[in-house]
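What the coordinates show
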Amino acid sequence: MSASTSALQPAAQTKSTRSGDLPFYLWTAFGLIVFPLVFGLPIFNGYGGLATQILIVGIAAVGLNVLLGYAGQLSYGHAAFYGLGMYGAGLTLLKFFPGAHSFALPIIVGVAIATLAAFAIGSLVVRLYGIYFALLTVAFAQMVYFIVFQWRDLTNGDDGLQGISTPSLNLGVVRFDLSAALPALNLGPFGDLSSIKEWYVFVAIVMFIVIAFVRTLVRSQYGEVLAAIRENEERSGFIGFDVRRYKIAAFVISGALCGLSGALRALYDGSAAIEALTIDTSGNFVIYTVVGGVQTLFGPIVGTGLIMWLQNVISAKTDAWRLIEGIIFVAVIVFLPNGIIGSLRKRKFSFAGLLRAK
Amino acid sequence: MNKQLSRGRFLAASAAAGALAVNGFPQVMAATKEIVVGLDLPQSGPYSDQGQDQLRAYNLAIDEINKGGGIMGMPVRATVGDDQTKADVAVDNARRMIERDGAVMITGGSSTGTAVAVSGLCQQMKTIFMATLTHGDETTDGACHKHTFRRYNNAHMSARAMATTLTKKYGTGNWFYITADYTWGHSVTDNIISVIEPKGAKTVNNVLLKLGTTDFSQALGQAQSAKPDVLCITEFGKDMVNCLNQAAQFGLTKSTKILVPLADEYMAKGTGDNFDNVVCTAPFYYKYYAAKNAAAKKFVDAFTAKYGTPPSNGAECAYTNMYQYKGAVERAGSINPDAVIAKLEGYHFTATKGPEYWRDWDHQGISSVLVMEGVPVAERGGDTFAFAKVLEEHNGETVAIPQADSKCKIESA
């Protein structure tokens, strides 16, 4: 193991020196600040609440991408972890600890339940490859769905959980009621700052941490080994890596991020719906990731934003929004096989190559 | 690579063009203030017939109101969302309507599942929710909220209204239930059982099936072998149509007395002769009230003239909800939710039915309940919607849940 570690060290170093860390994080922060403002422009017809939802669900897509993009394993069952995070957080406030006015506790419980489930399911499914892997994840996700559906006494079955009252965020000195609006400030064509709630700020910070975490992860030795497994699993095994353990870890990390997304969604909506656990939700995560671009940090978020925007804004204007969504999905697969962000990045690289050639 | 580039550019350009075409020109704020109402109802899914008919009724009411000068001089504009009969979509829609479109009132819906979820959000966002087609007790019982009003009859009222008919016509033998497995189905079946079991009826089985079930053969097979005296189908919309039509294929409509606790015109149309002799309840029946009440006749005629079909009972509730909101805003002289709520609570009025009122402690509308019996298509006189004869009309007051038995506690804010 030590030999392979030292062999990988130089690669990791060259990568981190190639592009500086500080500009990346500054641009990320800038993007997260500007997103809800640009999104509110009349041409996009978005609104602060949708920007918040996109970031929350985007965390799940980023999580799925750890498995799909970086480890190369297609899961059609990540709704299970999203839903468990959601129900875990909701039930914490409604049934497990109804007196606890804690903001962190429901998130911790939701993520913990999702992580444990991801470990249990991941340990079993990583033995399989390709289509069998995908099918088994579907099977386990359906099991979770039916358990939650049938366990009416605890989960309310088909009715889901309602009336989850979001506690305020206690940071010791200050308390934030996240549903409060930001101060009024006229930003001209970008509308008014008060149309955005404090929730967005909180979720943007969480998203920033998630991006930093995943970026560090894929640039670490661990990420390099995952890439090696993705490219050639058999050879990675022969070199001496314990492929199964690496894959389980990727599965658990992606499951935990989906759980985090679900827990935040439960607190944001004040409800948990059984639809979160359906195969549709799993399929959505895959579509978000593929449309945005697998193996890219921002692809899944862009894909989530585009599709959720279509669902939310276009569906209010035309009944044919599912057709538009389908056409976009097909167009991306045909014209941009690397997804939106993946294709942009590729183009930049090819320009650079063109310049160097001359 | 060049070809790839041009493709990419082409796609980007067409996506931008598409976005422009769909959005149209950026909306400029109208000079006169308007009242935005959010219509959150199913346009797809098992309960979509009911949602589409509600949308017709809302459009009719809003057209009429705008022609008459709007509400306090402000025109009414509707923003519409398809809730797909799913709670999470319904909540997303309501949030979009309130946050982006500035909706001051949310209304519509065909399921107690979506109604309870939207009610929770509207309470959180301090926006009035005039629930429409929701019949489960929960909406104005355990999950009642200050900002939610529900005029439609509920399961408790239906079961009490049918009590005499149930014992007289269906008897106290063996009962077999097929129940939609969500809050509404449970509420209705529990209420029927609580009425009929003390009289001596026996529950053989209660099969719970997921909302959106299309194949009922397993449950109906069980019903067939159990040979019950009564088969109670607590299903709604297309689910009920599928269930009853499949029950007929099993020969159950001939061998067993069938009860459908809640039905409407679209369900009766979809089941045709299979609905013959089936007893159901409804809060409104266009034929009955149009013959009895001038205001009902005016509404039914206007609706039929505009759309070519008479209104279903959910459409009537939608229409009256819109006018109830208008009236309350005008009495309050403001769209402030607290002021509007104060003007709705305890308000007595006569719309398309008899005298009715909004109960102040649970925000349930107290209006009459019809007990009806289906007639064969041949006796409908060419109108497939004219599906029943009215057996009894009950005063809502006598059948509604008394405060002592209710779990409802309205919030103070």
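The model shown is predicted, which means the values in this text are computed figures rather than measured ones.

Take the overall build of chain A next. Broken down by element type, chain A carries 15 helices and 2 strands. Taking 358 residues into account, the globule formula puts the C-alpha radius of gyration at 21 Å, and chain A, at 21 Å, falls close to it. Summarising its shape, the C-alpha atoms of chain A cover approximately 55 × 50 × 50 Å along the three principal directions. Across the 358 residues of chain A, 51% fall into the buried class. Within chain A, contacts between residues separated by at least 24 positions form 74% of all contacts whose residues are at least 6 apart in sequence. A total of about 16,100 Å² of accessible surface is found on chain A, and carbon and sulfur atoms cover 69% of it. Of the side chains in chain A, 23 bear a positive and 17 a negative charge, and the two mean positions are spaced by 12 Å.

Pairing between side chains becomes possible if they bear opposite charge and their charged atoms approach one another. All names here are of chain B. Under the criterion given, the structure shown has 26 salt bridges over all chains. The residue Lys306 makes a salt bridge to Asp63 at a minimum N-O spacing of 2.5 Å. A residue pair is termed long-range when its members are at least 10 positions apart, and Lys306 in helix α12 (residues 294-307) and Asp63 in helix α2 (residues 48-67) qualify at 243 residues. The class for Asp63 is partly exposed, based on a relative accessible area of 34%. The closest approach of N and O atoms between Arg95 and Glu99, which form a salt bridge, is 3.7 Å. A residue pair is termed a helical-turn pair when its members lie 3 or 4 positions apart in one helix, as Arg95 and Glu99 do in helix α3 (residues 87-99) at 4 residues.

Another aspect to go through is the domain arrangement of chain B. Residues and elements named next belong to chain B. Domain parsing of chain B yields domain 1 (35-154 + 292-368) and domain 2 (156-282 + 369-399). Between domain 1 and domain 2, the C-alpha centre-to-centre distance is 26 Å. The partner domain 2 presents 30 residues to the 33 residues of domain 1 that form the contact. Broken down residue by residue, the surface that domain 1 buries against domain 2 is led by Tyr47, His135 and Ser368, which jointly contribute 22%. Scanning the region where domain 1 abuts domain 2 turns up 2 salt bridges. Of the charged contacts in the structure, one is a salt bridge between Asp49 and Lys238, with a shortest N-O distance of 3.9 Å. Run the count over domain 1 and domain 2 and you get 19 residue pairs in polar contact (both at pLDDT 80 or more).

Quick look at the nonpolar core now. Counting 105 residues, the largest nonpolar core has Trp175(B), Leu231(B), Leu259(B) and Phe275(B) as the members making the most contacts within it. The two domains that each donate at least three residues to this core are domain 1 (35-154 + 292-368) and domain 2 (156-282 + 369-399) of chain B. Not counting the four nearest positions on each side in its chain, Leu259(B) is found in contact with Met162(B), Leu166(B), Tyr170(B), Trp175(B), Ile192(B), Val230(B), Leu231(B), Cys232(B), Ile233(B), Val278(B) and Val279(B). One finds Tyr47(A), Val144(A), Val225(A) and Met308(A) within the second-largest nonpolar core, a separate group that totals 100 residues.

Further remarks concern the packing of helix α8 (residues 198-219) of chain A against helix α9 (residues 221-231) of chain A. Residues and elements named next belong to chain A. Look at α8 against α9: their axes get within 4 Å of each other, and the N-to-C directions meet at 65°. Taken together, the axes of α8 and α9 lie roughly perpendicular to each other. Of the residues in α9, those touching α8 at Leu217, Val218 and Arg219 are Gln221, Tyr222, Gly223 and Glu224. Taken together, the residues of the contact of α8 with α9 break down into 3 nonpolar, 2 polar and 2 charged.

All names here are of chain B. Evaluation of the coordinates by the stated rule reveals 1 disulfide over all chains. What pairs with Cys144 in a disulfide is Cys408, and their sulfur atoms sit 2.1 Å apart. Between Cys144 and Cys408 the sulfur-sulfur dihedral comes to about 90°; the bridge is accordingly right-handed. Placement of Cys144 in the loop between β4 (128-131) and β5 (148-150) and of Cys408 in the segment after α15 (396-399) is noted, with a sequence separation of 264 residues between them. Overall, the relative accessible area of 5% leaves Cys144 in the buried class. Cys232 supplies the cysteine sulfur nearest to Cys243, a cysteine that is in no disulfide, at a spacing of 10 Å. Take Cys317: it sits in no disulfide, and the sulfur closest to it among the cysteines is that of Cys122, at 16 Å. Since its relative accessible area comes to 2%, Cys317 is described here as buried.

All names here are of chain B. Taking strand neighbours across the sheet as the criterion, the 3 strands line up as β11-β12-β13 in an open arrangement whose pairing is antiparallel. For this open sheet the edge positions go to β11 (348-350) and β13 (365-366), each flanked by a neighbour on one side alone. Where strand β12 (residues 355-358) meets β13, 2 bridges bridge the pair, whose relative direction is antiparallel. Bridge pairing in β13 places Tyr357 opposite Ile366.

Residues and elements named next belong to chain B. Listed in full, the buried residues belonging to helix α7 (residues 217-226) are Ala219, Leu220 and Ala223. Burial along α7 is one-sided: seen end-on, the buried residues are contained in an arc of 95°. Opposite the packed face of α7, turned more than 90 degrees from it, sit the exposed residues Gln218 and Ser225.

Rules and cut-offs
Every chain's residues receive numbers from 1 upward, in the order its sequence appears when written. For this description, chains carry letters from A and ligands carry numbers from 1, given in the order in which they are written. Confidence filtering applies because this is a predicted model: local features only for residues at pLDDT of at least 70, side-chain atom pairs given and counted only at 80 or more, and all residues used for totals across whole chains, interfaces and linings. Water and hydrogen atoms play no part in the side-chain values, which are based on all heavy atoms of the structure. Going along the chain from the N terminus, every DSSP run of H or I of four or more residues is numbered as a helix, and every run of E of two or more is numbered as a strand. Computation of the radius of gyration draws on C-alpha atoms alone. For the globule rule, the value is 2.2 Å times the number of residues to the power 0.38. Accessibility here uses a 1.4 Å probe with only protein chains present; expressed as a share of the type maximum, an area under 20% marks a residue as buried, one over 50% as exposed, and anything in between as partly exposed. A contact between two residues is defined here by any heavy atoms of the two lying within 4.5 Å. Every accessible area reported is derived by Shrake-Rupley at a probe size of 1.4 Å, with residue values counting cover from the shown protein chains alone. His is not counted here, nor are the chain ends, while Lys and Arg score as positive and Asp and Glu score as negative. Charge placement uses NZ in Lys and CZ in Arg. For Asp and Glu, CG and CD serve respectively. We define a salt bridge as a contact between a side-chain nitrogen of Lys or Arg and a carboxyl oxygen of Asp or Glu at a distance within 4 Å. By convention here, the domain bounds are inherited from an automatic or database domain assignment. Note: buried area is the sum, over both parts, of the accessible area (probe 1.4 Å) each one loses when the two are combined. Pairing of N or O atoms within 3.5 Å defines a polar contact, subject to two protein rules: one partner must be a possible hydrogen donor and the other a possible acceptor, and residues neighboring in sequence count only if both atoms are side-chain atoms. The set of buried Ala, Val, Leu, Ile, Met, Phe, Trp, Tyr and Cys residues whose side-chain atoms join them within 4.5 Å is what this entry labels a nonpolar core. For helices, the axis comes from a line fit to the C-alpha atoms of the stretch in contact; other axes are also lines fit to C-alpha atoms, and the angle between any two N-to-C directions lies between 0 and 180 degrees. For classification, angles of less than 35 degrees are called roughly parallel, those exceeding 145 degrees roughly antiparallel, those between 65 and 115 degrees roughly perpendicular, and all remaining angles oblique. Note that Gly is not counted as nonpolar here; it falls among the polar residues with everything else outside the nonpolar set of Ala, Val, Leu, Ile, Met, Phe, Trp, Tyr, Cys and Pro and the charged set of Asp, Glu, Lys and Arg. Any cysteine sulfur atom paired with another within 2.5 Å is treated as part of a disulfide. When DSSP locates at least two bridges between a pair of strands, those strands are taken to pair. Think of the arc as the fan of directions from the helix axis to the C-beta atoms.

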